[in-house]
Amino acid sequence: MNLASIIDQHADAAPAIISRGAVTDYRMLREQVEAFRGSLAELGVHKGDRVALLCGNGSAFVVAYLATIGMGAIAVPLNPLSPTPELQRELEVIDPSVVVVEASAVFTFGGVSRRDLGSLRHIVVTDEKSAAQLKGDAEIHSFDALLAGPASPCVPVDPDHPAVLVFTSGTAGASRAATLSHGNLLANIDQSNSTSDHIKQGDVVFGVLPMFHIFGLNVVLGVTLHAGACVVLVQRFDPITAVETIAERNITIFPGAPALWVAMSLLEGVPADAFASIRLALTGAARMPDEAADRLLTKFGVQLREGYGLTEAAPVVTSSVGVEARRGSVGKAVDGVDVRVVDETGNDVLVGDSGEVWVKGPNVFVGYWNDPDATARVLDEDGWLHTGDVGTIDADGYLYLLDRAKDLIIVSGFNVFPAEVEEVLMKHPAVFEAGVVGVPHPQTGEAVRAFVVLNPGAVADEDTLIDHCHDYIARYKCPSKVLIVPE
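About the thresholds
Residues numbered from 1 in each chain as written. Predicted model: local features only at pLDDT ≥ 70, side-chain atom pairs only at ≥ 80, totals over all residues. Heavy atoms only, no water. Phe/Tyr/Trp six-rings, centres within 6.5 Å; stacked < 30°, edge-to-face > 60°. Helix = DSSP H or I, 4+ residues; strand = E, 2+ residues; numbered from the N terminus. Buried < 20%, exposed > 50% of the residue type's maximum accessible area, 1.4 Å probe, protein only. Contact = heavy atoms within 4.5 Å. Polar contact = N/O pair within 3.5 Å; in protein donor to acceptor, adjacent residues only side chain to side chain. Core = buried A, V, L, I, M, F, W, Y, C linked by side-chain atoms within 4.5 Å. Axes fitted to C-alpha atoms, helices over the stretch in contact; angles between N-to-C directions. Parallel < 35°, antiparallel > 145°, perpendicular 65-115°, else oblique. Nonpolar A, V, L, I, M, F, W, Y, C, P; charged D, E, K, R; others polar. Left-handed = near helix turned anticlockwise from the far one by under 90°. Pairing = 2+ DSSP bridges. Patch = residues over 30% accessible without salt bridge, like charges linked within 9 Å, V, L, I, M, F, W, Y side chains within 5 Å. Areas by Shrake-Rupley, 256 points an atom, 1.4 Å probe, with all protein chains shown as cover. Salt bridge = Lys/Arg side-chain N within 4 Å of Asp/Glu carboxyl O. Lys, Arg positive; Asp, Glu negative; His and termini not counted. Charge placed at Lys NZ, Arg CZ, Asp CG, Glu CD.

A. The arrangement of the packing of aromatic side chains in detail. Counted under the stated rule, the structure contains 6 aromatic pairs. Seen in terms of ring centroids, Phe36 and Phe143 are 4.8 Å apart; in terms of plane orientation they differ by 35°. Their pairing is tilted. In this pair, Phe36 is assigned in helix α1 (residues 26–42) and Phe143 in helix α5 (residues 143–146), connecting sequence segments 107 residues apart. In this structure, Phe36 and Phe143 share a single accessibility class: buried. Ring geometry for Phe275 against Phe300: centres 4.9 Å apart, planes inclined by 55°, an arrangement best described as tilted. Placement of Phe275 in the loop between α9 (258–265) and β13 (280–283) and of Phe300 in helix α10 (residues 290–300) is noted, with a sequence separation of 25 residues between them. The burial state of Phe275 is the same as that of Phe300; both residues are buried.

Okay, structure coming up:
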């Protein structure tokens, strides 16, 4: 098996990706991937070597990604806009032999000390003008030149062979590289397709979620290419441009993080039928505010389908696609995934009671790269992934998330979930965004502190917002301090 073979069986002339207005069909994509794979082999890249991808959502990312995993090397998508110190740390962890760098990442990558990257031998630039800024010990190559390499097919690998390393700070706390195998990613593609409605051949998918994030990498890109559908790759999100793209490209599937959908829900002067071509509007990765979901439905007729996943699960765990949507729920477990809610001793809680969410299935990751201790803390001997998320499951199998266990605030012995306080703050008409954290307090152990962004032109002070919280939740849950911040 090999994950890269998902593009092999589709019609030559069917569009695969659209990037910056250029359409690449499946025949052309296969040829580019095979040639790039051959060039990597000529550069001495071997099975198990890491290839870092400092690229945004574009054709270069897709080609380099499929070429890398197709030869048994390990792709490592990184945020091209990360600051230099973060890139330095991540690159030192994975120790790549090749780094593919697009123009937007040249400045920050140029500040990375390569003395600590012992395996780095080659740098591939998507913009040849960037080569002069990256002179050093590693050889510099043009991306376009590597597209002229000898055609090289996929090599078979075992299902548990690593395909990608994705940095995550979710379950493990500090950011670590989660190792996802070919089997993990393919299993979750199949699991995502187990819902009664899913991405199919002929669909056009809006690809704005970053490919260095697992949602963008395996749900948007992986599931789309597996289906023989087309993904429109978008580098940066702008609500008005997105509406224009929906109409121009006849977008049928629109996956987006909650912040994106909140921005779309606030659009004014947009026709009510602007989203008429979309048959699946998907969201996940964070909690979706009910008010924004209601606005989307009222203004544009968009019924959001919320799901739940995490990097360590490749990522989809539950989905509300194909089932009755229930307010506050992230849906039911997809086929092949088992979900439990357990107490502190690891025993299942009663239906409706809260506890930590545990997940098991062929999509659950191999572990954290070169970090067995961190792996052992979240992945037990029976294969259960301890997510660190707190939730409940109702009698019909719907999962409701309350918060992350590690974000729990304990005030005078009482548990406070930040998401609950944030939801209350978001009910105030002046509030656009809210974030809640626990801070040390000499009397109560911890206190609740809120950071709030107001809607443009809105006015509200600290006392007003605290009094508002008193109307909805117990006093110990209310913020003792509210800071109004610009972002």
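B. Region of interest: helix α3 (residues 84–94). Among the residues of α3, those classed as buried are Leu87, Gln88, Glu90, Leu91 and Ile94. Elements that come into contact with the buried residues of α3 comprise β3 (50–54), β4 (74–77), β5 (98–101), α4 (106–110) and β8 (162–168). Just beyond α3, the residue with positive phi is Asp95, at close to 50°.

C. Region of interest: the environment of Arg475. Among the secondary structure elements, Arg475 is positioned in the loop between α13 (462–470) and β26 (481–484). At a separation of 3.4 Å, a polar atom in the side chain of Arg475 contacts the side chain of His470.

D. Region of interest: unusual backbone geometry. In this chain, Ala314 is followed by Pro315 through a cis amide linkage whose omega measures -5°. Within the element layout of this structure, Pro315 appears in the loop between β14 (304–309) and β15 (316–319). Of note, the phi angle at Arg20 is positive, near 55°, even though the residue is not glycine. On the secondary structure map, Arg20 appears in the loop between β1 (15–19) and β2 (22–25). Arg20 gets classed as exposed once you look at its relative accessible area, which sits at 73%.

E. Here's a closer look at the nonpolar core. The biggest cluster of nonpolar side chains holds 83 residues, and the ones touching the most others in it are Tyr65, Leu66, Val164 and Leu225. In this view, Leu225 contacts Ile6, Ile7, His10, Ala16, Tyr26, Leu29, Val62 and Leu66; residues no more than four positions away in its chain are not counted. Core analysis: the next-biggest nonpolar cluster, separate from the first, contains 28 residues, Ala242, Leu260, Met288 and Val302 among them.

F. Layout of the side chain of Lys477. By the element assignment, Lys477 lies in the loop between α13 and β26. Among the polar contacts listed, one links the side chain of Lys477 to the side chain of Glu420, at a separation of 3.1 Å. Dropping the residues within four chain positions of it, Lys477 is found in contact with Val416, Glu420, Val421 and Val448.

G. Just the packing of helix α2 (residues 59–70) against helix α7 (residues 214–227), in detail. The contact between α2 and α7 brings their axes to 13 Å, and the two run at 80°. Taken as axis vectors, α2 and α7 run roughly perpendicular relative to one another. Residues Phe61, Val62, Tyr65 and Leu66 of α2 form the contact with α7, whose participating residues are Leu217, Leu221 and Leu225. Here the contact of α2 with α7 is composed, by residue class, of 7 nonpolar, no polar and no charged.

H. Summary view of the packing of α1 against α2. It is at 8 Å that the axes of α1 and α2 come closest, and there the two elements cross at 60°. The angle between α1 and α2 falls in the class oblique. The handedness of the crossing between α1 and α2 comes out as right-handed. Note on element contacts: α2 touches α1 through Val62, Val63, Ala64, Leu66, Ala67, Thr68 and Gly70, opposite Leu29, Gln32, Val33, Phe36, Arg37 and Leu40. Its residues assigned to classes, the contact of α1 with α2 shows 9 nonpolar, 3 polar and 1 charged.

I. The sheet that holds strand β24 (residues 431–441), seen in detail. Taking strand neighbours across the sheet as the criterion, the 3 strands line up as β24-β25-β26 in an open arrangement whose pairing is mixed. With partners counted over all chains shown, the strands left at the sheet margins are β24 and β26, one partner each. Neighbour-to-neighbour, the strand axes of the sheet open up by a mean angle of 25°, direction not taken into account. By the bridge criterion, 10 bridges tie β24 to strand β25 (residues 445–454) in an arrangement that is antiparallel.

J. Expanded view of a negative patch on the surface. The grouping of Asp461, Asp463, Asp467 and Asp471 at the surface amounts to a negative patch. Examined against the element boundaries, Asp463 turns out to sit in helix α13.

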